[in-house]
Amino acid sequence: MSDNITKPSRRGLRLAGFIALVVVVAIVVAGIATRAADARRLRTWTDDQAVPTVTVAPPSPDNDGAPLQLPGRTQAYSRAPLFARVSGYLKSWSVDIGGKVKAGQLIAEIETPDLDQQLLQAKGALASSQANAALAATTAKRWQSMLGSDSVSKQEVDEKTADYTAKLAMQRAAQADVDRIQALKGFTRIIAPFDGVVTARNTDVGALINAGGGTGPELFEVSDIRKLRVYVRVPQNYAPDIHNGDIAELTVPEYPGKSFSAKVEASAGAINAESGTTLVQLAVDNADGKLMPGAFANVNFKLPADASAFSIPASALVFDAKGMRVATLGADNRVKFKRVTIARDLGKTIELGSGVDPQDRVIENPPDGLDDGDPVKLAPKDNTAEAHGKA
């Protein structure tokens, strides 16, 4: 009886041991499989994390053209510095700075005692020459009449006639001298050459005036400010885009928020070798007198759109040993670098002169270490943002 009980117990122990072994093996196999799966998932995740995620944007064409702002200076449309043509003393002046004048209006008068004496002397010389010429004319006529009766010789008649001719020339010279001095006497009256405003007065009553002829001291200055000229120096690369008749916007510091319309009238047509600019002249209406000549002004030109120019974010530019480039994303989601040239730096955006095509997908902010052929992932679009944008 005891043997029967003992035998089943041993078989049960062996069966239990086998089952336990199977369970242990299954647990070990399951653990190994789980670790292998985790390792594969980790490797896949690591590989995915190694591929950078980027955002792209197509180059934006320049549809409207960008503004060009340059400093300029205003000048009177007509400006005439008035100098003395005769010496003397300033007798009087009638218009001060800021006064409006009409063409031909008397501004000042010069007293010329020395010139007055010269005029009297010249008139005396003219009277003397006139008397001598009259006497020579009578003598020549008389001797001409006596030639018919053979009372005088032909030689003597020719001498009297020549003397009359010489005296007549002296009379004309004396008359010319009187006319010259009288013309100078006319310059004692300083008059306005055109309608305008007296913008400078550098003399006063009693001041000694020396004839300058354009090189002496300037007595007055008259300017026509109903219309102003504006001079701007335009950089060489923008000069071909500015043409006669173009309209620009003018602003001045004294009128913040207000702009004036200016029209391009002329261009120097040559580049200054020192500054690399060309001089452009504009005209601005100033009938209300708000603008002043000699003032600083900002001139805004609206440049025409360049069909070959494209704008990209400034963050897309890559500067390295290979030069200036942008990273683009190919159809296989691999990086392709392209060399570019900058036409204009607009701050947050850069206008390129060459290097990209309109269909290119430019990587907005390329990570460091990217190279040609590297794979990248395209960031998913923010559907929420798009929905807000459509709303």
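Here the structure is a predicted model, which is why all the values come from computation and not from measurement.

> Provide a residue-level description of a nonpolar patch on the surface, including the pertinent values.
Together, L15, F18, I19, V22, V23 and I27 make up a nonpolar patch on the protein surface, roughly 570 Å² of accessible area in all. When you line up the elements, V22 lands in helix 1 (residues 2-50).

> Outline the pattern of salt bridges, listing residues and values.
For side chains bearing opposite charge, pairing can occur when the charged atoms are close. One pass over the full model with this rule turns up twelve salt bridges. Of the charged contacts in the structure, one is a salt bridge between R79 and E221, with a shortest N-O distance of 2.6 Å. Separated by 142 residues along the polypeptide, R79 in strand 4 (residues 67-82) and E221 in strand 11 (residues 220-235) bring together distant segments of the chain. The closest approach of N and O atoms between K322 and D371, which form a salt bridge, is 4.0 Å. Note that K322 is positioned in the loop between strand 17 (317-320) and strand 18 (323-329) and D371 in the loop between strand 22 (362-363) and strand 23 (377-378), a separation of 49 residues in sequence. The exposure class of K322 is partly exposed, given its relative accessible area of 44%. What emerges from the salt-bridge pattern is a single network uniting K338, D357 and D360.

> With reference to specific residues and values, describe the sheet that holds strand 10 (residues 208-209).
Strand order across the open sheet formed by four strands is 8-7-5-10, with antiparallel pairing between neighbours. If you trace the sheet from one side to the other, it starts and ends with strand 8 (189-191) and strand 10, each paired once. Note: strand 5 (residues 88-93) against strand 7 (residues 106-111), four bridges, orientation antiparallel. Note on strand 7: the bridge partner recorded for W93 is A108.

> Please set out helix 2 (residues 113-146) residue by residue, giving values where relevant.
Within an α-helix, residues lying three or four positions from one another point in the same direction, as the helix has 3.6 residues per turn. With 34 residues, helix 2 extends 50 Å from end C-alpha to end C-alpha; this agrees with the ideal 50 Å at 1.5 Å per step. Those residues of helix 2 that are buried are in contact with helix 3 (154-186).

> I'd love a proper account of the packing of aromatic side chains, names of residues and values included.
All chains considered together, the criterion is met by one aromatic pair. Judged by centre distance (6.2 Å) and plane angle (65 degrees), the rings of Y255 and F260 are edge-to-face. Look at Y255 and you get partly exposed, because its relative accessible area is 28%. The class of F260 is buried, set by a relative accessible area of 11%. A cation sits over an aromatic face here: R85 above F187, 4.6 Å from the ring centre. Positioned above the aromatic ring of Y77 is the side chain of R229, whose terminal nitrogen or guanidinium carbon lies 3.8 Å from the ring centre.

> Break down the pairing of strand 11 for me, with residues and values.
For a regular strand, the rule is simple: side chains alternate between the two faces of the sheet. Strand direction decides the pairing type here: strand 4 and strand 11, joined by ten bridges, are antiparallel. Each bridged residue has a counterpart across the sheet, and for Q75 the counterpart in strand 11 is R229. Pairing between strand 11 and strand 14 (residues 277-285): nine bridges, direction antiparallel. Its bridge partner lying in strand 14, Y231 is registered against Q281.

Calculation criteria
Residues numbered from 1 in each chain as written. Predicted model: local features only at pLDDT ≥ 70, side-chain atom pairs only at ≥ 80, totals over all residues. Heavy atoms only, no water. Patch = residues over 30% accessible without salt bridge, like charges linked within 9 Å, V, L, I, M, F, W, Y side chains within 5 Å. Areas by Shrake-Rupley, 256 points an atom, 1.4 Å probe, with all protein chains shown as cover. Salt bridge = Lys/Arg side-chain N within 4 Å of Asp/Glu carboxyl O. Helix = DSSP H or I, 4+ residues; strand = E, 2+ residues; numbered from the N terminus. Buried < 20%, exposed > 50% of the residue type's maximum accessible area, 1.4 Å probe, protein only. Pairing = 2+ DSSP bridges. Expected span 1.5 Å × (residues − 1). Contact = heavy atoms within 4.5 Å. Phe/Tyr/Trp six-rings, centres within 6.5 Å; stacked < 30°, edge-to-face > 60°. Lys NZ or Arg CZ within 6 Å of the ring centre and 35° of its normal.

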